[in-house]
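Summary of structural features
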Amino acid sequence: MGDVEIFYDQLAADYHLIYGDWDATVDLQGRTLDAVIRSTLGRDGVTVLDCACGIGTQSIGLALHGHQVTGTDISRMAVERAGVEAARRGVEMHTRVADMRSLPFEDAAFDVVVCADNALPHLLTAEDLRAALGEMRRVLRRQGLLLISTRPYDRIRESRPTSTAPQIHGSGSSRTITFQLWDWHSDGERYDLEHYQVIPDDDDWNVKVRRTAYWALTQGQLTDFASEAGFEGTAWMTPEQSGFFQPLLTARTPA
């Protein structure tokens, strides 16, 4: 996953610019995932591992809602920024660099594992997916909760778009523009992505391009991989059902 590490190392300092208001996004996503956790487990203040925490969009939000959160990511730059952002908000959150395919924790260490914002599809082979889901299963306690969000790939694979619409945030000299170009592989399931950010730089524009790849897993494919890893009761929540911005897979470990 060297290219993934490089991608997020390069993006870490500017990641918040993807959003119109990153602080509001942290609050909203934390509040939404907190509601799913409370309604599923029937309690609050649980132990949560965010195994693809990035700069802390979900993990900080969950910590702000009273959960004991550990955030890991393959990108050292992202993890370092997540720690800084958590401290800035007075949030206690443990962070460390880790690959989700080999998590540095004891068995049954967490009540909840979160892998959000289309992070899991960075794994491009069935072997890597099985390794990551096996590790998530291992570190969860009995009747633990798995939460994974991805892009709506069932719909996306019907049309296989080659770009995303530009997102423009801010105004005047503080405007930023973000968009993506997608190049689909011959298998029709995987694609290379170029992530563009156009950022003001004095009286000019600074164009930053980062590259990575994804496996556009359908909900059926990911459900099968989760079941194979030993998860039970796998279900999908639409954004309308959960309030989260992406389709959300929920699954439990056996009792």
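Residues numbered from 1 in each chain as written. Predicted model: local features only at pLDDT ≥ 70, side-chain atom pairs only at ≥ 80, totals over all residues. Heavy atoms only, no water.

Some remarks on the overall build of the chain
Looking only at helices and strands, the chain features 8 helices and 11 strands. Here the C-alpha atoms of the chain give a radius of gyration of 18 Å, agreeing with the 18 Å that 2.2 N^0.38 yields for 255 residues. Viewed in the frame of its principal axes, the chain has a C-alpha envelope of about 60 × 45 × 35 Å. Scored against the burial criterion, the 255 residues of the chain give a buried share of 51%. Taking contacts inside the chain between residues at least 6 apart in sequence as the whole, the part at least 24 apart equals 64%. With the model as given, the accessible surface of the chain reaches about 11,400 Å², and the carbon-plus-sulfur share is 47%. (Helix = DSSP H or I, 4+ residues; strand = E, 2+ residues; numbered from the N terminus. Rg over C-alpha atoms; globule rule 2.2 N^0.38 Å. Buried < 20%, exposed > 50% of the residue type's maximum accessible area, 1.4 Å probe, protein only. Contact = heavy atoms within 4.5 Å. Areas by Shrake-Rupley, 256 points an atom, 1.4 Å probe, with all protein chains shown as cover.)

Side note on the pairing of strand E11 (residues 248–252)
Taking burial as the measure, the 5 residues of E11 include 4 buried ones, the bulk of the element. One ladder, built from 5 bridges, connects strand E5 (residues 140–149) with E11; its direction is antiparallel. What sits directly across from Ile148, in E11, is Leu249. Summarising the sheet, strand E10 (residues 232–237) and E11 pair through 4 bridges and their orientation is antiparallel. From the neighbouring strand, Met237 faces E11, where its bridge partner is Leu248. (Pairing = 2+ DSSP bridges.)

Let's talk about helix H4 (residues 76–88)
Compared with an ideal rise of 1.5 Å per residue, which puts 13 residues at 18 Å, H4 spans 18 Å between its outermost C-alpha atoms and is within 8% of the ideal. Turning to H4, its buried residues are Ala78, Val79, Arg81, Ala82, Glu85 and Ala86. Down the axis of H4, the buried side of the element spans an arc of 165°, and every buried residue falls inside it. Turned more than 90 degrees away from the buried face of H4, the exposed residues are Ala87 and Arg88. Gly90 sits one or two positions beyond H4 and adopts a positive phi of about 70°. (Expected span 1.5 Å × (residues − 1). Arc of directions from axis to C-beta.)

Considerations on the pattern of salt bridges
Counting across every chain of the model gives 19 salt bridges. For Arg38, the salt bridge is made with Asp34, and the minimal N-O distance between the two is 2.7 Å. A residue pair is termed a helical-turn pair when its members lie 3 or 4 positions apart in one helix, as Arg38 and Asp34 do in helix H2 (residues 22–41) at 4 residues. Given a relative accessible area of 31%, Arg38 falls into the partly exposed group. With relative accessibility at 7%, the residue Asp34 sits in the buried group. Ionic contacts of the salt-bridge type, sharing partners, join the residues Asp23, Arg81, Glu85, Arg88 and Arg89 into one network. (Salt bridge = Lys/Arg side-chain N within 4 Å of Asp/Glu carboxyl O.)

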